[in-house]
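Given next are the chains, with one letter for each unit.
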Amino acid sequence: MPLPKSAFLLPCAALLATSVSAQTAPDHKAIIALVNKHSEQYQKVSKQIWDFAELGYHEQKSSSLLQDQLKAAGFLVTTPMPDEPTAFVASYGSGSPVIGILGEFDALPGLSQKSTPDKNPVVDGAPGHGCGHNLLGSAAALAATALKEYMVDNHVKGTLRFYGTPAEEGGDGKVYMLRAGLFKDVDVVLHWHPGDRNAVNNGGMLAVTEATFTFHGIASHAAAAPERGRSALDGVMLMGNGIEFLREHVPSSTRIHYIITKGGAAPNIVPDLAQMDLMARSPAGDTLSDIWDRILKCAHGAAMMTDTTVDVKIFSASANILPNTPLANLAQKEIEEVGGFTYTPAELAYATELQKSLPPSAAGHFDQTSKIMPLLPEAGGGGSASTDVGDLSWVIPTIGFSSATFVPGVGAHTWQATATTGMSIGQEGMLISAKSLALLGADLYVHPEVIAAAKADLDARLKVATYASPIPAGQKPPINYRDQ
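Analysis parameters
- Residues numbered from 1 in each chain as written.
- Predicted model: local features only at pLDDT ≥ 70, side-chain atom pairs only at ≥ 80, totals over all residues.
- Heavy atoms only, no water.
- Helix = DSSP H or I, 4+ residues; strand = E, 2+ residues; numbered from the N terminus.
- Buried < 20%, exposed > 50% of the residue type's maximum accessible area, 1.4 Å probe, protein only.
- Salt bridge = Lys/Arg side-chain N within 4 Å of Asp/Glu carboxyl O.
- Expected span 1.5 Å × (residues − 1).
- Contact = heavy atoms within 4.5 Å.
- Polar contact = N/O pair within 3.5 Å; in protein donor to acceptor, adjacent residues only side chain to side chain.
- Phe/Tyr/Trp six-rings, centres within 6.5 Å; stacked < 30°, edge-to-face > 60°.
- Lys NZ or Arg CZ within 6 Å of the ring centre and 35° of its normal.
- pLDDT = per-residue confidence, 0-100.
- Core = buried A, V, L, I, M, F, W, Y, C linked by side-chain atoms within 4.5 Å.
- Pairing = 2+ DSSP bridges.
- Axes fitted to C-alpha atoms, helices over the stretch in contact; angles between N-to-C directions.
- Parallel < 35°, antiparallel > 145°, perpendicular 65-115°, else oblique.
- Left-handed = near helix turned anticlockwise from the far one by under 90°.
- Nonpolar A, V, L, I, M, F, W, Y, C, P; charged D, E, K, R; others polar.

1. Points about unusual backbone geometry
Item 1. At the junction of Ser96 and Pro97, the peptide bond is cis and its omega measures out at -5 degrees in the coordinates.
Item 2. You can see Pro97 is positioned in the loop between β2 (88–94) and β3 (98–103).
Item 3. One non-glycine residue with positive phi stands out, namely Tyr57, at about 70 degrees.
Item 4. In this fold, Tyr57 is placed in the loop between α2 (28–52) and α3 (60–72).
Item 5. On the accessibility criterion, Tyr57 (0% relative accessible area) is buried.

Right under this line is the structure:
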């Protein structure tokens, strides 16, 4: 629930003035120069991870590559989660403040695509980086590398951590890392995500819960003895029908989507087992909790009508991201200082060709890659996607950026996104967030009053809202969740 702007305007203005005028202010030109120094190296890393295109919790090559890069940069790298083998933490420094930068590197199933402006998969049905996580992890590691080098050169005190977080795409890697205590002493979390514009991401995103609904019935010959059967598939279909009627009576920002993963063995056998995977999303966790209760009623009602039983297994859930006004204001200052980028003639020709695959109304203007979007008010909506970054934001002050790594108008989770994340447009766009992250981290190290204000902001929000993950306590990371 957003708090009144007036609660933060004066304190934030004073803090930002301090950040600008203080004699201890970091040398931003030097930091950007360090990012530029290492940019070619990490752009190549992003292409290697793009080539690997590994699914969540199985990103062995991608995780190892980033670990090797950070070890070479002087970080102490550990893999503290046996149940999450591709997760890692790279640390430099000691003491407070502790700044964490998040990196992701998982791909999506079925989005294999060459880096061409026409649909052309590398391997039909294979994974691809349609959400740009090859850029995300690489740019975050670039920011950490440059910031660490600056800290060494300038004797900056504090702890810098890069968190290698697997399986963001529905596997909730960060939730399990949070539960394992890996973030318990972190003061601020910084993150970024590929997109088609340059902006600060202050809050937003949709809370999400995903579960498998398994109906159990009685098999029978569908023609000779149908009266003996109890169709599990009927249960799934009636549940789906109930969901369709439910859509009219939930907030318009709610999203419910499902697939039938198992529907029976043969048409002439009454199915004794059928299964649905369902995701529900809403801008607020408490609203989603109420909707989820009604979804469960649809499931149990369908089971009663068909004389079957149903088991429900929640295997994925992420919270919405809480805004943070002090961090958002400072982040906006950083990204505006960094600025955007302009397409080369070759990139412009590529982007023009790729946009032909989009609906005419969807194609954006190419000049938006060179612009920085104004900071949107918190009431700007809950976004249209979900992320396990949200769970961290309810525990630690969190802020993020997005950069124009997709051709304007291209959405995530598409072959067009995979194409641009594997070529120069994505590789240039990732540098905007890398520079912005490095500048923001450097400023936070020398301005603990901003961190204190960010924590006060979070504390105030937690007085009017609470966090509870729907994932059952004690549940282990679902390493093979893509196989369900």
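2. Some remarks on the pattern of salt bridges
Item 1. Across all of its chains, the model carries 16 salt bridges by this definition.
Item 2. Here Lys37 and Glu149 are joined by a salt bridge, their closest N and O atoms 2.7 Å apart. You can see Lys37 sitting in helix α2 and its partner Glu149 sitting in helix α4 (residues 133–154), a full 112 residues away along the chain.
Item 3. The class of Lys37 is exposed, set by a relative accessible area of 53%.
Item 4. Residue Asp367 is joined to Lys371 by a salt bridge in which the shortest nitrogen-to-oxygen separation is 3.3 Å.
Item 5. With relative accessibility at 39%, the residue Asp367 sits in the partly exposed group.
Item 6. Where salt bridges share partners, they join Glu104, Lys174 and Asp388 into one cluster.

3. Remarks on helix α6 (residues 232–246)
Item 1. The end-to-end C-alpha distance of α6, which contains 15 residues, comes to 21 Å, matching closely the 21 Å that a straight helix rising 1.5 Å per residue would cover.
Item 2. Those residues of α6 hidden inside the fold are in contact with β7 (207–216), β8 (255–262), β9 (273–282) and α7 (285–306).
Item 3. Capping the start of α6 is the job of one residue whose side-chain oxygen sits 3.3 Å from the backbone nitrogen of Leu233: Ser231.

4. Details of the packing of aromatic side chains
Item 1. What the rule picks out here adds up to eight aromatic pairs.
Item 2. Taking the centre distance of 5.8 Å and the plane angle of 85 degrees together, the rings of Tyr57 and Tyr481 count as edge-to-face. Placement of Tyr57 in the loop between α2 and α3 and of Tyr481 in the segment after α13 (448–462) is noted, with a sequence separation of 424 residues between them.
Item 3. Centre to centre, the rings of Phe88 and Phe105 are 6.3 Å apart; their planes meet at 15 degrees, and the pair counts as stacked. Taken as a pair, Phe88 in strand β2 and Phe105 in the loop between β3 and α4 lie far apart in primary sequence, 17 residues in all. Of the two residues examined, Phe88 and Phe105, each falls in the buried class.
Item 4. Pairwise contacts between aromatic rings join Phe88, Phe105 and Phe162 into one cluster.
Item 5. Its end group placed over the ring of Tyr92, Lys148 keeps NZ or CZ at 5.4 Å from the ring centre.

5. Quick look at the confidence of the model for the chain
Detailed reading of the predicted model is not advised wherever pLDDT is low.
Item 1. Averaged over every residue, the pLDDT of the chain is 93; the share at 70 or more is 94%.
Item 2. Here residues 1–11 is a poorly scored stretch, pLDDT under 50, and it has 13 contacts once near neighbours within four places are set aside; other chains count.
Item 3. When the criterion is pLDDT under 50, residues 16–23 qualifies, and its contacts beyond four places in sequence or with other chains add up to ten contacts.

6. Quick look at the nonpolar core
Item 1. Grouped together as the largest cluster of nonpolar side chains are 73 residues, with contacts concentrated most on Leu70, Leu190, Trp192 and Leu444.
Item 2. Residues in contact with Leu444, not counting those within four places in the same chain, are Pro97, Ile99, Val188, Leu190, Leu327, Leu330, Val450 and Ile451.
Item 3. Grouped together as the second largest cluster of nonpolar side chains are 25 residues, Leu246, Val250, Ile256 and Ile291 included.

7. Observations concerning the pairing of β7
Item 1. In terms of burial, β7 is a largely internal element, nine of the ten residues being buried.
Item 2. Where β7 and strand β10 (residues 309–318) come together, nine bridges link them in antiparallel fashion. Within β10, the residue paired with Thr212 across the bridge is Lys313.

8. Looking at the packing of α2 against α4
Item 1. Two elements in contact, α2 and α4, have axes whose closest approach is 8 Å; the angle formed by their N-to-C orientations is 150 degrees. Put simply, α2 runs roughly antiparallel to α4. Crossing handedness for the pair α2 and α4: right-handed. From α2, Ala30, Ile31, Leu34, Val35, Lys37, His38, Ser39, Tyr42, Val45, Ser46, Ile49 and Trp50 reach across to α4, where they touch Asn134, Leu135, Ser138, Ala141, Leu142, Thr145, Ala146, Glu149 and Tyr150.
Item 2. Looking at the contact of α2 with α4, its residues break down into 13 nonpolar, six polar and two charged.

9. Side note on the sheet that holds strand β1 (residues 76–78)
Item 1. In space, the seven strands of this open sheet follow the order β1-β2-β4-β3-β5-β11-β6, with mixed pairing throughout. Strand pairing shows two members of the sheet lacking a second neighbour, β1 and β6 (199–201), which therefore form its edges. Averaged over all pairs of adjacent strands, the angle between strand axes in this sheet comes to 25 degrees, irrespective of strand direction.
Item 2. Strand direction decides the pairing type here: β3 and strand β5 (residues 188–195), joined by three bridges, are parallel. If you follow Ile101 over to β5, its bridge partner there is Leu190.
Item 3. With respect to the sheet, α3 is in contact with β1, β2 and β4 (158–164), its orientation differing from that of β2 by roughly 15 degrees.
Item 4. Each of β5, β6 and β11 (398–404) touches helix α8 (residues 325–338); the most contacted strand, β11, lies at about 30 degrees to it.

10. A closer look at the sheet that holds β9
Item 1. Strand order across the open sheet formed by four strands is β8-β9-β7-β10, with antiparallel pairing between neighbours. Where the open sheet ends on each side, the last strands, each with one partner, are β8 and β10. For this sheet, the mean inter-axis angle between neighbouring strands, taken without regard to orientation, is 20 degrees.
Item 2. Here β7 pairs with β9 via ten bridges, running antiparallel. Bridge pairing links Val208 to Arg281 in β9.
Item 3. This element, α6, spans β7, β8 and β9 of the sheet and lies at about 20 degrees to β9.
Item 4. Its contacts with the sheet put α7 on β7, β8, β9 and β10, and the angle it makes with β7 is roughly 10 degrees.

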